[in-house]
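Letter by letter, the chains look like this.
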Amino acid sequence: MSVLDDLFRRVPALLMARRNLSRNRIRSGLAVLGIIIGVLAIASLGMFGTTLRTGASQQLGDIGNEISVSPNFQEGIEELTERDVDEIRRAVTDGAVVPVRSESKLVSRGDRQTVTTVYGMEDPGALYEAEEGRIPDRLRQGALVGSGTAGLLDIEPGNTISVDGRTYRVSAVLAEQGGISLVSPNNAVIVPVEDVNGTGYSQVVVSADSGQAANESAVAIREALNEREERVSVFELQSITAGINEFFGILNAFLIGIGSISLVVAGVSILNVMLMSTIERRQEIGVLRAVGVQRGDVIRMILAEAGLLGVAGGVIGAILAVGAGVALNAFVLNDPLATFQVANLLYIVLAVGFGVGTSVLSGLYPAWKAANERPVEALRK
Amino acid sequence: MNHIIELQRVWKRYDTGGEVVEALRDVDFHADPGEFVAVMGPSGSGKSTMLNVLGLLDTPTEGTVYLDGQDVTDLSDREMTVHRKRFIGFIFQSFHLIPTLSALENVEMPTLFGDDPTARDRATRLLERVGLGERLDHRPDQLSGGQKQRVAIARALINEPRILLADEPTGNLDRKTGRSVLDLFDEIRREDDVAVIAVTHDPQLGDYADRTVELIDGRIQ
Ligand SMILES: Nc1ncnc2c1ncn2[C@@H]1O[C@H](COP(=O)(O)OP(=O)(O)OP(=O)(O)O)[C@@H](O)[C@H]1O
Ligand SMILES: [Mg+2]
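Residues numbered from 1 in each chain as written. Chains lettered and ligands numbered in written order. Predicted model: local features only at pLDDT ≥ 70, side-chain atom pairs only at ≥ 80, totals over all residues. Heavy atoms only, no water.

The next subject is the overall build of chain B. A tally of regular secondary structure across chain B gives six helices and 10 strands. Against the 2.2 N^0.38 benchmark of 17 Å for 221 residues, chain B shows a C-alpha radius of gyration of 17 Å, consistent with a compact globule. C-alpha extents for chain B along the principal axes are approximately 50 × 40 × 40 Å. Across the 221 residues that make up chain B, the buried fraction comes to 57%. Contacts in chain B between residues at least 24 apart in sequence constitute 73% of all its contacts with a sequence separation of at least 6. Working note: accessible area of chain B is about 9500 Å², and carbon and sulfur atoms make up 42% of it. When the 26 basic and 39 acidic side-chain charges of chain B are each reduced to a single mean position, those positions are 3 Å apart. (Helix = DSSP H or I, 4+ residues; strand = E, 2+ residues; numbered from the N terminus. Rg over C-alpha atoms; globule rule 2.2 N^0.38 Å. Buried < 20%, exposed > 50% of the residue type's maximum accessible area, 1.4 Å probe, protein only. Contact = heavy atoms within 4.5 Å. Areas by Shrake-Rupley, 256 points an atom, 1.4 Å probe, with all protein chains shown as cover. Lys, Arg positive; Asp, Glu negative; His and termini not counted. Charge placed at Lys NZ, Arg CZ, Asp CG, Glu CD.)

Our focus in this paragraph is the UniProt feature "domain: ABC transporter" (unreviewed entry) in chain B. Here, UniProt's "domain: ABC transporter" (unreviewed entry) annotation points to residues 5-221 of chain B. Spanning residues 5-221 of chain B, this segment combines 33% helix with 28% strand, and its end C-alpha atoms are found 19 Å apart. (UniProt positions renumbered as here; feature names shortened; annotations may be inferred.)

Time to look at the sheet that holds strand 5 (residues 70-71) of chain B. Residue and element names in this part refer to chain B. With antiparallel pairing, the four strands of this open sheet are ordered in space as 2-1-4-5. On the outer flanks of this sheet lie strand 2 (19-31) and strand 5, each paired with one strand and no other. Both strand 4 (residues 62-67) and strand 5 contribute to a ladder of two bridges, which runs antiparallel. Within strand 5, the position partnered with Tyr66 by the bridge is Asp71. (Pairing = 2+ DSSP bridges.)

Given below as structure tokens:
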């Protein structure tokens with residue numbers, strides 16, 4: 001005896017339900033199709049949302065880990081002093097503090113030249129990675145060139161460039177930064193901090209190890225520097241990522257809402273199918289009742305039918321949705337395996353749950369109606 | 001002897017929008033274990049109505065129904081269903097087998113919802129007894145009328161009832177097949193001590209019955 005037979009013996013409602021569904025295969029098939037479409041819609045729209053979110057956060061990189069401290073111009077403070085930087089260093093327990101000076105300068109190599117942003121930094125290695133060459137631990141001489149500027153002026157490590165008449169040997173060309181960044185290196189040149197005019201700093205970038213650490217640092221910096229007067233404004237990129245996450249949350253809910261409409265339609269079609277089939281089987285159900293089958297068992301039998309339609313539709317829909325997700329992620333993210341993540345699993349479970357739930361709910365009225373018909377009435381032709 | 005089932009002063013009225021139809025009028029009736037009672041009468045005289053009241057499918061408007069000495073007139077639907085399952089087997093003119101189930105499954109059907117490990121064996125033996133040991137896995141549409149009625153009789157017997165109620169059991173069968181079904185009834189009531197109450201227009205049923213009750217216009221004559 002197979003497992004299925006065993007299950008049927010144990011749960012007779014399922015046996016009856018399965019036989020009843022196979023009575024009119026086309027009708028059952030169409031009802032299942034409705035659920036498949038609904039489940040597919042919910043799951044794949046949910047996964048579509050995940051893909052968009054993943055794509056967006058790839059674009060954003062880990063900017064959530066960075067905060068920027070800049071002088072508060074409204075209070076008349078124009079630059080951050082060494083003392084401010086020291087206080088920031090003390091406030092930040094976990095992460096790199098990089099004071100930055102910036103200016104626009106004329107950069108040239110040979111007969112090519114361009115005006116670009118020049119950052120003065122002591123420790124650029126905390127923020128950037130090299131594409132070619134290497135970034136020294138402390139930048140005391142030499143320059144780092146962003147990928148954009150390097151392309152424009154055809155610069156490689158070892159070349160000599162001139163910045164406002166001063167010559168530098170190029171130590172490294174920096175890797176292109178795809179995401180949003182507080183101090184984007186792409187079209188910039190980075191030189192030792194003493195070489196940029198001024199005594200203070202235009203901003204201090206703090207690069208923490210995690211979003212949480214960044215947030216704690218921001219709080220600590222505000223406490224330390226803004227105690228007496230609002231000396232600095234602290235900008236957390238996390239606020240952007242939080243906003244973006246919220247946006248994608250809403251987008252996802254919206255997409256799933258659209259998917260749910262198709263499930264409701266599927267539910268109505270199951271209601272219709274079940275109602276028709278119970279009306280057709282009126283006499284049979286009357287016989288069941290006459291030979292001693294309780295109302296509750298009739299209800300169970302019909303709910304099992306509706307549930308089976310839902311489970312069949314849910315399983316097929318889930319399989320198709322995974323297929324759709326793999327195709328989507330392969331196309332959008334170039335990474336089909338991105339389909340298999342917890343968020344997507346939840347969407348699939350949610351969709352299948354909705355599918356089965358809708359079906360069973362749609363079976364309730366026909367079940368109730370069939371079970372409450374008096375057997376005498378049902379048996380009279 | 002104790003009556004297995006008894007009706008006392010039973011009335012059944014149907015209120016059909018103003019006009020009241022009296023389907024049963026002051027009916028007293030009883031049957032004993034092992035007895036074969038034929039119920040006869042013209043169409044519309046209340047035979048099916050009486051059988052439904054006897055089978056706890058319907059409740060009388062007035063009067064009392066006793067089953068095995070117990071007053072079962074005002075039981076709840078659930079209790080009536082339990083009593084039907086325990087005491088009563090039904091046989092219908094048009095068999096009323098479930099088309100999606102095999103002969104064996106049809107016979108098992110009354111036991112399906114409930115834990116009954118020996119049901120399959122009993123069903124097999126009953127089908128062998130009614131001469132369908134070779135047809136266990138056939139669907140109803142693969143059986144002749146007489147065979148279907150035999151399956152229905154086996155189904156009625158699966159829970160070892162005390163009463164068999166049959167509404168025109170031979171009505172859809174030819175004379176010879178009808179006779180074999182009646183032989184089966186006769187055997188059952190003898191061997192199993194079951195009361196058989198059969199509504200019929202079939203005159204040959206008179207040869208089998210211990211007693212014939214005639215209903216006219218809802219009254220027992
Ligand atoms: N649900 C009902 N509503 C109204 N009237 C009914 C109902 N059921 C039965 N009747 C009436 O009760 C009377 C008896 O009906 P019943 O079915 O018992 O007759 P019968 O003797 O079995 O007839 P037949 O031999 O044709 O089967 C009939 O007049 C019928 O019209
Ligand atoms: Mg009748």
